[in-house]
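Overview (structure and organization)
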Amino acid sequence: MAAGALLLLAAAPTAVPAADANGNTLLPGPARSDTFLAPDVAFRLAATVESPDRVRLSWAIVPGYYLYQSRLKFSTTSPGMTLGKPELPAGDTKNDEYFGKQVVYHNGLIAHLPVAHAAGASALTLSVTYQGCAEAGLCYPPITKQFDLRLPAGAAAAGGSATGTGGNGGGGAFVSEQDRLARMIRTGSLAGIIATFFGIGLLLAFTPCVLPMVPILSGLIAGQGANVTTQRAFLLSLTYVLGMAVTYTVAGAAFAAAGHQVQAVFQQPWIILLFAALFIALALSMFGLYTLQMPAAIQERLASTSNRQRAGTFGGVAVMGALSALIVTACVAPALVGALLVIGQGGDVVRGAVALFAMSLGMGAPLLVIGTSAGKLLPRAGAWMDTVKQLFGALMLGVAAWMLARLVGDRWSLLLYCVPLAAVFVVLWRVQARGTGGRTLGRAVAVGAAVYAIVLGVGAARGGTDPLHPLAAPALAQAQELPFARVGSVDELDRAVQAAGRSGRAVLLDFYADWCTSCKEMERYTFSDPRVHAALMQLTLLRADVTANNADDQALLKRFGIFGPPTIAFYGQDGVERRNYRVVGYMKADEFAQVVARATSPGG
């Protein structure tokens, strides 16, 4: 509005705009105020170096004021420096009376500016021009700020777009996995994106985050009864996978575009309790305590359709696939973050959504095989079919225990896992008592389940925390010795980083949540490793616990553009974040030790 409105008002013979004491133009309008903030107060700009080839520009915009996207300009006169295309968020659409539709930013703006520089060049003189207005009727003239920045060594000389897709970048610069994938989505071919993210999803299908879907889908197939055919099992499995993929894609794209953290939204205690109660109800139904079915009135309306086609339960299977997609948000992997980065930080929503959909299909591909095989291999009739159904009910109790474990301590989670194990024991012991087939194998598995449940109970009584090693001494003891200092807000973080810089120490910032299973894996298996533990003791260790997801937690996540824990950020002794070394998701001790060494080295 600013440039177009000022030109038109100046040209109109009957409209003479007023001006304030500082020469800023006052536009006519009923909401005009008599006092306005100085431009440096209304729009506070800060520039920081994120990595050897990336600069972060952040504006704090006072409510009632806004900046124009089209008025943003970036330039440099530094030799050997080339600026790439800035990465900007979507912004808000404003209908300008004189200049048409404009994209504006309210409350705040974070832009990421790629920088390529020749070997040996590190000094960057950056000029940033921006223009904004007050909603009450004043438009400021264009404002130009200049920053003298020094880029860390190691960035590769390159043009405005990235070249190559392998490794961690060229020229010795470390590029995190999520940034590499985000760059691929922005610049790669759609065919390459689909193939890559389908393969990543296929690998994710065998992680603990996705495995709970196996008993869910298998239980749905087994619940069809003895007459399920291979074709019907395949179609039901496909419906489940498509429901999961579509929901996962739409929800991920919507939340990323809106700037929300996908994990935190679906890890609220009441949502976890609701989902756990759903799986418990399904398990009890499979045990034969009651039958889940539609009300009679609805069944009558669907009767004629059911007679013509055997798809009466497809809608319910699709719903279960959608619910399962929400469960998967408990795990954040670099591939997911890469897609969400593109969507949430002003990239292409379509390309990011395509990557999410391809990854979802990859995660669902093994489920198609499992679901179809269940329809082919399960017996058509007999008591064994009921046993299989009840075993799937026990597996669903395991899913419920896995979800509820996020709300209780590790010690109590061991007792939760005793419940599905006890169910397995009861189901299989009843089979051998009836004298049906497979008595020896069934008795062995039943005894094994009972013994494991007892061991878990003993481990919980002794203070154990690891369900895979319940009798071992708590593996978190060494990790808990790490002197993490809690930071609960952006201001606390800034003060802690500045204090560390004055002491000449690098900083590790760990984003953690009680409901984050990968966070606990990092503590149990990575932070406790002797090499990692020794390296971390040389740093100032900060922890942002975002379990509550309150306003301060959300501000911290937004500050870093983070979609959920676990995420680990590193700061050098100069107080500048080494963004290209961010770690997202679980990382094994060997690899993490190397990242720590590189991120905190003087030349990092």
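It should be emphasised that the depicted structure is a prediction, and the values quoted were computed from it without experimental measurement.

Of note, Gln102 is situated in strand 9 (residues 100-106). For Gln102, a relative accessible area of 9% gives the class buried. Of note is the side chain of Gln102, whose polar atom sits 3.0 Å from the side chain of Ser70.

The next point concerns the packing of helix 17 (residues 490-502) against helix 20 (residues 551-560). The contact between helix 17 and helix 20 brings their axes to 9 Å, and the two run at 60 degrees. Looking at the two axes, helix 17 sits oblique to helix 20. Along its contact with helix 17, which presents Val490, Leu493 and Asp494, the element helix 20 presents Ala555, Leu556, Arg559 and Phe560. Within the contact of helix 17 with helix 20, the residues separate by chemical class into five nonpolar, no polar and two charged.

Turning our attention to the pattern of salt bridges. Under the definition given, this model contains 11 salt bridges. We note a salt bridge from Arg543 to Glu523, for which the minimum N-O separation is 2.9 Å. Of this pair, Arg543 sits in strand 17 (residues 540-545) while Glu523 is found in helix 18 (residues 517-527), placing the two residues 20 residues apart along the sequence. Across the pair, exposure class does not vary: Arg543 and Glu523 are buried alike. Asp529 is paired through a salt bridge with Arg531; the nearest N and O atoms lie 3.2 Å apart. Look at Asp529 and you get buried, because its relative accessible area is 15%.

The subject of this paragraph is the sheet that holds strand 19 (residues 583-584). Across the sheet, which stays open at both edges, the five strands sit in the order 15-17-16-18-19 with mixed pairing between neighbours. Two strands in the sheet have a free side with no partner beyond their single neighbour: strand 15 (485-486) and strand 19. Both strand 16 (residues 507-512) and strand 18 (residues 567-571) contribute to a ladder of five bridges, which runs antiparallel. If you follow Leu508 over to strand 18, its bridge partner there is Phe570. Packing of helix 17 onto the sheet brings it into contact with strand 15, strand 16, strand 17 and strand 18, and relative to strand 17 it is tilted by some 175 degrees.

Glancing now at the packing of aromatic side chains. A complete count under the given rule lists 10 aromatic pairs for this structure. Taken together, the ring pairs in this structure connect Phe484, Phe527, Phe570 and Phe592 into an aromatic cluster. Cation over ring: Arg543 sits above Phe484, and NZ or CZ is 4.1 Å from the ring centre. The ring of Tyr512 carries Arg543 above its face, with NZ or CZ at 4.9 Å from the centroid.

Most often, soluble globular proteins have nonpolar side chains that are buried together. Counting residues in hydrophobic clusters, the biggest one holds 41 residues, and the most contacted among them are Tyr240, Phe279, Met320, Met403, Tyr417 and Leu456. Residue assignment for this core shows that the elements contributing at least two residues are helix 6 (230-258), helix 8 (269-286), helix 10 (314-328), helix 12 (349-377), helix 13 (383-404), helix 14 (410-434) and helix 15 (439-461). In terms of residue count, helix 13 provides more of this core than any other element does, 11 residues in total.

Here we take up the confidence of the model for the chain. Residues with a pLDDT of 70 or more make up 68% of the chain, whose mean pLDDT is 73. Taken together, the stretch residues 475-479 has pLDDT below 50 and engages in 12 contacts with residues farther than four places along the chain or on a different chain.

Read from one edge to the other, the open sheet built from four strands follows the order 3-4-10-7, with strand pairing classed as antiparallel. The sheet is open, and its two borders are formed by strand 3 (43-51) and strand 7 (81-83), each paired with just one other strand. On average, each strand axis in the sheet is tilted by 25 degrees relative to the strand beside it, whichever way the strands run.

At 3.6 residues per turn, the α-helix brings residues three or four places apart onto the same side. The first and last C-alpha atoms of helix 17 sit 19 Å apart over 13 residues, in line with the 18 Å expected at 1.5 Å per residue. If you check which residues of helix 17 are buried, you get Val490, Leu493, Ala496, Val497 and Ala500. The buried side chains of helix 17 occupy one side of the element, clustering within an arc of 125 degrees when seen end-on. Turned more than 90 degrees from where helix 17 packs its buried face, Asp491, Arg495 and Arg502 sit exposed. In this fold, the buried residues of helix 17 make contact with strand 16, strand 17, helix 20 and strand 18.

Thresholds, definitions, all that
Residues numbered from 1 in each chain as written. Predicted model: local features only at pLDDT ≥ 70, side-chain atom pairs only at ≥ 80, totals over all residues. Heavy atoms only, no water. Helix = DSSP H or I, 4+ residues; strand = E, 2+ residues; numbered from the N terminus. Buried < 20%, exposed > 50% of the residue type's maximum accessible area, 1.4 Å probe, protein only. Polar contact = N/O pair within 3.5 Å; in protein donor to acceptor, adjacent residues only side chain to side chain. Axes fitted to C-alpha atoms, helices over the stretch in contact; angles between N-to-C directions. Parallel < 35°, antiparallel > 145°, perpendicular 65-115°, else oblique. Contact = heavy atoms within 4.5 Å. Nonpolar A, V, L, I, M, F, W, Y, C, P; charged D, E, K, R; others polar. Salt bridge = Lys/Arg side-chain N within 4 Å of Asp/Glu carboxyl O. Pairing = 2+ DSSP bridges. Phe/Tyr/Trp six-rings, centres within 6.5 Å; stacked < 30°, edge-to-face > 60°. Lys NZ or Arg CZ within 6 Å of the ring centre and 35° of its normal. Core = buried A, V, L, I, M, F, W, Y, C linked by side-chain atoms within 4.5 Å. pLDDT = per-residue confidence, 0-100. Expected span 1.5 Å × (residues − 1). Arc of directions from axis to C-beta.

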